[in-house]
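Letter by letter, the chains look like this.
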Amino acid sequence: MSGTGMSGEAGAQHARSRALAVLRVRSRALAVALVPAAVAVVLSVAVAQGRVEGPGWDTARWAVIAVALIALLIAAAVAAVVVRARPALSPTVDLAESAAPDLYRLVRDLAERLDVPPPSAIALTPDCDSWLEDRTHPAHRAAGREALSARLIRGGAEARARRASVAPVLVIGSPFMWWMRVGELRAILAPVVAGTGPSAQPDIAAARRFVRGLDAAVGVATKPGLGPVRRLALGCTGRIARVLLRGCRAHAGEMERGVAAAASERAQAVDYGVRIVAQEQVGLAYAGWDRLLTRVALPAWRMGRWPSRLDAGVVSALTELSRRDRLAEGFASRLGERPACDLLEEPGIADEAASLLAARLFHGGPAETGPDWAPVDWAAYPEEVVDRKWRTEAARLHRVLDGFGERHGARPGAPTLARVIDHLATPGDQAADRLAAGIEAEVAGEEAAIVAPAPSPEAWSFDEVPLFPLQPPRTGRELLADHVTAMVCCAAIDTGGAVPGLDWLDGPSLLVDEVRRSDLAAPVLTLIEDGDAGALRGWLAALGIRPEKPIRLV
């Protein structure tokens, strides 16, 4: 039995029966559209043969003909929108066979063992998941998609030539390629590749196309920027598509569950024991990827830099996790086995393309490298990201303080840590709230001044990026804590001999005598929340940091 509660054969039959139910919804919709035309034909024949006479019948006949024409026009419009609307396409980096011959060979061997058609192509996505995706829609072939990946992964013409194939594309999460070993990747992909069997079933394929078309039609109708006439016309077709989508949603969901059951049952014959163990690595990879994006990549993206080896960073992050967390003991020993990224001809180029795509999806960065959007490798991260981030935030903090002084006729003060501490330790002045509000306004103004990246030729071309923001907007207090911490770190570097560093799990870090200091957050929060500078002054004195000395700003 599969994990979905039905056997493989029963799952396949259940999926086909639900696919037929979806197609019956389409047939009923067509029948409803043709009923007025059929009635009009019957009345017209009856009048022509003299079976009905009188002016009343002529009026009824013309009225029915008018209704039939309107119904046929609406049906044709809905059908045209459903057929022409471009279904949602996952943002990916295409891998031509010449760029990953060993990976293609592994997938084809897996499909042969499972007795299913092999996927038509393989693509990478910056996410911890894998799936099959149908890309046979004409709009996808006409879009000239993957302008980004075609420039970075050689053999793009090969990949485009295969799109006419019926089999779906296998999309693999790029973190899996670097963290998984070859045997683990094969075991994890087995249930996914097994899904090509049900995908080739004509009724299931037709039902999926119909549902995707309806979903795309609803999306077209709600797209912003439409003129009044198009908004009215597409609004009507969108409402009809929404009704049809509601009518077949339950059947489509059951169909996909049946497909999953059939694929899971078929995949049990291949590497089942390895897959149970590999599932642990899936959860670990997801945790490491999320931590790497939010703690390490996001600060770089905000500084106009994008780490060009994110997938390789996952390995470092998870290795560090295995060193710190006893629950992860033993995972590092896997690193002696062959990694799945060895199946790629040029892993570095694939990692760079996936890293740039991740920055676009999760942060909204440009699709191309430029002067204000440059790649950064891990060796240069402390200097180009961490140090620059801290000094930028320290400069912003002092600009806000200078603004407070200007309102009272005072001259700008020296950029010292003592100035910040004295301001926040002022009793009964709500200094922290005022400073937090000032920083929040300053950050909001800087973000509003950033010019949005120009639209790029991706076929997925959603209306806005980022598609998946990593974090909600930071509050004023959170920004203030970050800026005070940055000020302390700048003072530690300039007067205490500390250096900026990179922690794979926590991001930017302060290194004193090559040891990461993780005890700064508590004294900073005490200063901000309570106005008590004692703990922070003690921390500074213990490390020999001189808060009265001016620091270097950006």
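Before reading on, note that the structure itself is shown above.
Owing to the predicted nature of the structure, the values given are computational and were not obtained by experimental measurement. (Residues numbered from 1 in each chain as written. Predicted model: local features only at pLDDT ≥ 70, side-chain atom pairs only at ≥ 80, totals over all residues. Heavy atoms only, no water.)

A. Quick peek at the overall build of the chain. A tally of regular secondary structure across the chain gives 20 helices and nine strands. A fraction of 82% describes how many contacts in the chain between residues 6 or more apart in sequence connect residues 24 or more apart. Of the roughly 25,900 Å² that the chain leaves accessible, carbon and sulfur atoms contribute 57%. (Helix = DSSP H or I, 4+ residues; strand = E, 2+ residues; numbered from the N terminus. Contact = heavy atoms within 4.5 Å. Areas by Shrake-Rupley, 256 points an atom, 1.4 Å probe, with all protein chains shown as cover.)

B. Geometry of the environment of Arg-212. When you line up the elements, Arg-212 lands in helix α10 (residues 202-221). Taking the relative accessible area as the measure of exposure, Arg-212 reaches 25% and is therefore partly exposed. The spacing of Arg-212 and Arg-86 is 126 residues in sequence and 8.8 Å in space, taken between C-alpha atoms. When sequence neighbours within four positions are dropped, the list of residues in contact with Arg-212 reads Pro-87 and Asp-134. (Buried < 20%, exposed > 50% of the residue type's maximum accessible area, 1.4 Å probe, protein only.)

C. Looking closely at the sheet that holds strand β3 (residues 130-133). As summarised here, the arrangement of the four strands in space is β1-β2-β4-β3, forming an open sheet in which the pairing is mixed. Looking at which strands have only one partner, the edges of the open sheet turn out to be β1 (93-95) and β3. Each adjacent strand pair in this sheet contributes to an overall mean axis angle of 30°, direction not counted. Taken together, the three bridges between β1 and strand β2 (residues 121-125) define a ladder with antiparallel strand orientation. What sits directly across from Val-93, in β2, is Leu-124. (Pairing = 2+ DSSP bridges. Axes fitted to C-alpha atoms, helices over the stretch in contact; angles between N-to-C directions.)

D. The packing of aromatic side chains, seen in detail. What the rule picks out here adds up to two aromatic pairs. When the centroid spacing of 5.9 Å and the interplanar angle of 45° are considered together, the rings of Trp-378 and Tyr-381 count as tilted. Using a relative accessible area of 0% as the deciding quantity, one classes Tyr-381 as buried. Look at Trp-378 and Trp-504: their rings are 4.9 Å apart centre to centre, the planes differ by 75°, and that puts the pair in the edge-to-face class. With Trp-378 in the loop between β6 (374-376) and α15 (381-407) and Trp-504 in the loop between β7 (499-503) and β8 (507-512), this residue pair connects regions lying 126 residues apart in the sequence. For the residue pair Trp-378 and Trp-504, the accessibility class agrees, reading buried in each case. One aromatic cluster is present, formed by Trp-378, Tyr-381 and Trp-504 through successive ring pairs. Positioned above the aromatic ring of Phe-210, the side-chain terminus of Arg-26 is 6.0 Å from the ring centre. (Phe/Tyr/Trp six-rings, centres within 6.5 Å; stacked < 30°, edge-to-face > 60°. Lys NZ or Arg CZ within 6 Å of the ring centre and 35° of its normal.)

E. Focus on the layout of surface pockets. In this model, the second largest pocket occupies a volume close to 950 Å³. Taken together, 36 residues line the second largest pocket, and the ones lying closest to its centre are Trp-131, Leu-132, Glu-133, Asp-134 and Arg-208. The leading source of residues in the lining of the second largest pocket is α10, at six residues. (1 Å grid on protein atoms, 1.4 Å probe; cavity = no way out; pocket = protein on both sides within 12 Å on 5 of 7 lines; lining within 4 Å. Points joined across faces, edges and corners; volume = space filled by probe spheres on them.)

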